[in-house]
Amino acid sequence: MMAFNPEPGVAVALEPKVRRILAPNPSPMTFRGTNTYLVGTRELAVIDPGPESDAHLQAILEALEPGQSITHICVTHAHLDHSPLAAALSAHTGAPILAFGGPETGRSAVMQRLAESGLAGGGEGVDASFAPDVVLAEGEVIEGPDWALEVIHTPGHFGNHIAFGFEDMCFVGDHVMGWASSLVSPPDGDLTDFMASCEKLRVRPWRVFHAGHGAPIETPAERLDWLMAHRKSREAEILSSLQRGPATAQALAASIYKDTPAALLPAATRNVFAHLVDLQGKSRVSSTVELSAEAIFELL
């Protein structure tokens, strides 16, 4: 996966009807940058236009070949590295923006309560102003002359996260990536939903996943199995640590992520907290005070 290093702004053919353009926004959270996909041969769907970037907007528009036009702008989720450029691209092309909803759509009840208590998300950052022109529903099919995208609601990384099934491939956004495990950061990320979405994708015989970051995932089933096993292994570590006594998410992260640089411990703490919320929902742990990032947790 580390060998994946395409030139930003260049449209690369991945499949007969799929091209990828890498946005110029590399970071520890986005790897080489955000993958924008062009689907179709005449009237095109753009999946995840990417961050605010004049250069990337120009690259998308210059990728259009004679006789081609952009008719649909599809967004997997409202993070700042995926959705903000949709508005400018729509203004240039007249194409509507399609998504599952705004940034609070699809949140579970427990995550909504955490958000209302003041917990803010971490990671890539939320595109708070994102509002699609067309709200999509689970199972809906978006069609062009030579393509059809099935909407698959896959909350977990983000409440309004959707994947798009196309023939035997799936555009999975940030739910599944080959270069790293997906970020699950409350209140925007919900681990219970994440695992359920993995199971939802796992039952389908996909040939390849095209992710929001990194190279195509050629073994989708194996990658999903790894992601779920990785999360279950982290859960076991947390439960084992709690056998030594009650602890906060921060204390658990410090004891579990011993080799993690100090600058990355806040992200590790959010990851542990996501697991604790999931475990509390399964009646495996309880918080000694009202559920929050600072709560002390103990085994039940």
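What you see is a predicted model; the values in this text were computed from it and never measured.

Rules behind the numbers
Residues numbered from 1 in each chain as written. Predicted model: local features only at pLDDT ≥ 70, side-chain atom pairs only at ≥ 80, totals over all residues. Heavy atoms only, no water. Helix = DSSP H or I, 4+ residues; strand = E, 2+ residues; numbered from the N terminus. Buried < 20%, exposed > 50% of the residue type's maximum accessible area, 1.4 Å probe, protein only. Lys, Arg positive; Asp, Glu negative; His and termini not counted. Salt bridge = Lys/Arg side-chain N within 4 Å of Asp/Glu carboxyl O. Polar contact = N/O pair within 3.5 Å; in protein donor to acceptor, adjacent residues only side chain to side chain. Contact = heavy atoms within 4.5 Å. Axes fitted to C-alpha atoms, helices over the stretch in contact; angles between N-to-C directions. Parallel < 35°, antiparallel > 145°, perpendicular 65-115°, else oblique. Left-handed = near helix turned anticlockwise from the far one by under 90°. Nonpolar A, V, L, I, M, F, W, Y, C, P; charged D, E, K, R; others polar.

Caption draft 1: Looking closely at unusual backbone geometry. Cis geometry is found at the peptide bond from Pro 186 to Pro 187, where omega equals 5°. Tracing the backbone shows Pro 187 in the loop between strand 11 (169–173) and helix 4 (191–202). Phi at Phe 31 is positive, roughly 60°, even though this residue is not glycine. Within the secondary structure, Phe 31 sits in the loop between strand 2 (18–22) and strand 3 (35–39). One non-glycine residue with positive phi stands out, namely Asp 48, at about 60°. Residue position: Asp 48 is located in the loop between strand 4 (43–47) and helix 1 (54–62). Under the relative-accessibility criterion, Asp 48 is labelled buried at 2%.

Caption draft 2: Region of interest: the side chain of Asp 48. In this structure Asp 48 is buried but unpaired, with Arg 20 as the nearest side chain of opposite charge at 12 Å. A distance of 2.8 Å separates a polar atom in the side chain of Asp 48 from a polar atom in the side chain of His 82. Among all residues touching Asp 48, those that are not within four sequence positions of it are Asn 35, Thr 36, Cys 74, Val 75, Thr 76, His 77, His 82 and Gly 173.

Caption draft 3: The arrangement of the packing of helix 4 against helix 5 (residues 220–242) in detail. Relative to each other, helix 4 and helix 5 sit at 155°, their axes nearing to 10 Å. The angle between helix 4 and helix 5 places the two elements in the roughly antiparallel class. The interaxial crossing formed by helix 4 with helix 5 has left-handed handedness. Here helix 4 contributes Leu 191, Phe 194, Met 195, Cys 198, Glu 199, Leu 201 and Arg 202 to the contact with helix 5, which in turn contributes Ala 221, Leu 224, Asp 225, Leu 227, Met 228, Arg 231 and Lys 232. For the contact of helix 4 with helix 5, the per-class residue count stands at 9 nonpolar, no polar and 5 charged.

Caption draft 4: Looking closely at the pattern of salt bridges. If you walk through the whole model with that rule in mind, you get 11 salt bridges. Here Asp 188 makes a salt bridge to Arg 107, at a shortest N to O gap of 3.2 Å. Here the residue Asp 188 occupies a position in the loop between strand 11 and helix 4, and Arg 107 occupies one in the loop between strand 6 (97–99) and helix 3 (109–116), the gap between them amounting to 81 residues. Glu 138 is paired through a salt bridge with Lys 200; the nearest N and O atoms lie 3.4 Å apart. One end of the pair, Glu 138, is in the loop between strand 7 (134–135) and strand 8 (141–144); the other, Lys 200, is in helix 4, with 62 residues separating them in the sequence. The partly exposed category is assigned to Glu 138, whose relative accessible area is 43%. What makes Lys 200 partly exposed here is its relative accessible area of 34%.

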